[in-house]
Amino acid sequence: MFTEMIQTLPQVLIDGLTLGAVYAVVALGYTMVYGILQLINFAHGEVFMTGAFIGTAFFIFLMGMSWITAVPHLLVLIIVLVLTASLTGLMGMGIERVAYRPLRKAPRLIPLITAIGISFILQDVIRFIAELSSGNYIVTGPSLFTEQITLKASSVSSMFNDASFKSSFIIVLVIAVILMVSLDFFINKTKYGIAMRAVALDRDTASLMSINVNKMISLTFFIGSALGGATGVLFAVQYGTIDPFIGFILGMKAFIAAVLGGIGNIRGAMFGGMLLGVLEMFAAANLSLITAGIFGAEYKDVFAFAILIVVLIFKPEGLLGKPVAEKV
């Protein structure tokens, strides 16, 4: 059994890192909002889904133009990422201004229920638009970066099987890492990032130090939603087919990744996302083998969440989180 698990390890790592990168970037949106507002923005998964649909629409529109064939696909992807991230970032700011800001001093349960309501509204609006424009809410985008690449892992060691992946794997992983590193630099090294951290630490004191709290909160929602929308584009490029319900399951897993790494901790969200993606793909490949066929690959979520529960029992603040007193 151990030998068979080792043989599939290269493919597990490739698939796990791809999925984990998506989880990690989406988890950043959850952890940023929670760090400042102590709010679990359950609508963030639907922002990710909206980004996937907006990006796919841009791809379909651009690829339908004859002159676009002379433009490298990577440049087209960058253009679509920038446009989609800008739109979803503005959408996130709008959601905060309309739905969350009036409830900022309300009991925490009220904004949480509002976030769930926004989630369902976005889901149904996107489904309505997709069905209106194409007659089906399941959408398949243009095929980009589909070249198959074989990783000759067997040449490194006879214990490993060869692994294969689409060229989109490299694109998705590299862009996701760039987004994560850029956000980490922004939060820790720039004036606005330091101001956001100050607001997260103590809003009232930050306002006394001439920091515009509302502006920082809006900026947080813009950045988080822009990252979510950009990741939706990467998801559509990697997996091809999208529907209005992808945001719910993936959003929940990204939230779990944020909790696993340490909610409110930027680097913890990145680590938690990557770890959860690898664990999920490991379970998908080996769960049937480990349980002698009792559980199949479809139970991978149970395996991943069981690991989460075990981690939180012994380290409730998450793997990279630090115990803090609850704000009142």
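Below is a summary of the structure that appears in this document. Not measured: the values here are computed from a predicted model.

**So, the overall build of the protein chain**
When its secondary structure is counted, the protein chain shows 12 helices and 4 strands. In terms of principal-axis extent, the alpha carbons of the protein chain reach across some 65 × 55 × 35 Å. Taking all 328 residues of the protein chain together, 46% fall into the buried category. Taking as baseline every contact in the protein chain between residues at least 6 positions apart, the subset at least 24 positions apart corresponds to 74%.

**Quick word on empty space enclosed by the protein**
Applying the stated criterion across every chain yields a total of 1 cavity of 30 Å³ or more. Roughly 40 Å³ of internal volume is contained in the largest cavity. Asn41, Ala43, Val47, Gly92, Ile95, Tyr100, Phe221 and Ser225 are the residues that line the largest cavity. Listing elements by their share of the lining of the largest cavity, those giving two or more residues are helix H4 (73-100) and helix H9 (213-239). If one sorts the elements of the lining of the largest cavity by residue count, H4 sits on top with 3 residues. For the lining of the largest cavity, the per-class residue count stands at 5 nonpolar, 3 polar and no charged.

**Regarding unusual backbone geometry**
We note that Gln38 has phi near 55°; this positive angle belongs to a residue other than glycine. With respect to the element layout, Gln38 can be found in the loop between helix H2 (9-37) and helix H3 (44-63). The phi dihedral of Ser210 is positive, around 70°, even though this residue is not glycine. Position of Ser210 relative to the elements: it lies in the loop between helix H8 (203-208) and H9.

**Some remarks on the layout of surface pockets**
If a probe as big as a water molecule is rolled over the atoms, it shows which places are left empty. By volume, the second largest pocket amounts to about 600 Å³. For the lining of the second largest pocket, the secondary-structure elements that each account for two or more residues are H2, helix H5 (109-134), helix H7 (191-201) and H8. Of the residues contributing to the lining of the second largest pocket, the split by class is 14 nonpolar, 1 polar and 8 charged.

**Let's talk about the environment of Phe59**
When you line up the elements, Phe59 lands in helix H3. Here Phe59 falls in the buried class, since its relative accessible area comes to 3%. Put simply, Phe59 and Ser143 are 84 residues apart on the chain and 9.7 Å apart in space, counted from C-alpha to C-alpha. Not counting residues up to four positions away in its chain, the partners in contact with Phe59 are Val76, Leu77, Val80, Pro142, Leu144, Val233 and Val237.

Rules of the game
Residues numbered from 1 in each chain as written. Predicted model: local features only at pLDDT ≥ 70, side-chain atom pairs only at ≥ 80, totals over all residues. Heavy atoms only, no water. Helix = DSSP H or I, 4+ residues; strand = E, 2+ residues; numbered from the N terminus. Buried < 20%, exposed > 50% of the residue type's maximum accessible area, 1.4 Å probe, protein only. Contact = heavy atoms within 4.5 Å. 1 Å grid on protein atoms, 1.4 Å probe; cavity = no way out; pocket = protein on both sides within 12 Å on 5 of 7 lines; lining within 4 Å. Points joined across faces, edges and corners; volume = space filled by probe spheres on them. Nonpolar A, V, L, I, M, F, W, Y, C, P; charged D, E, K, R; others polar.

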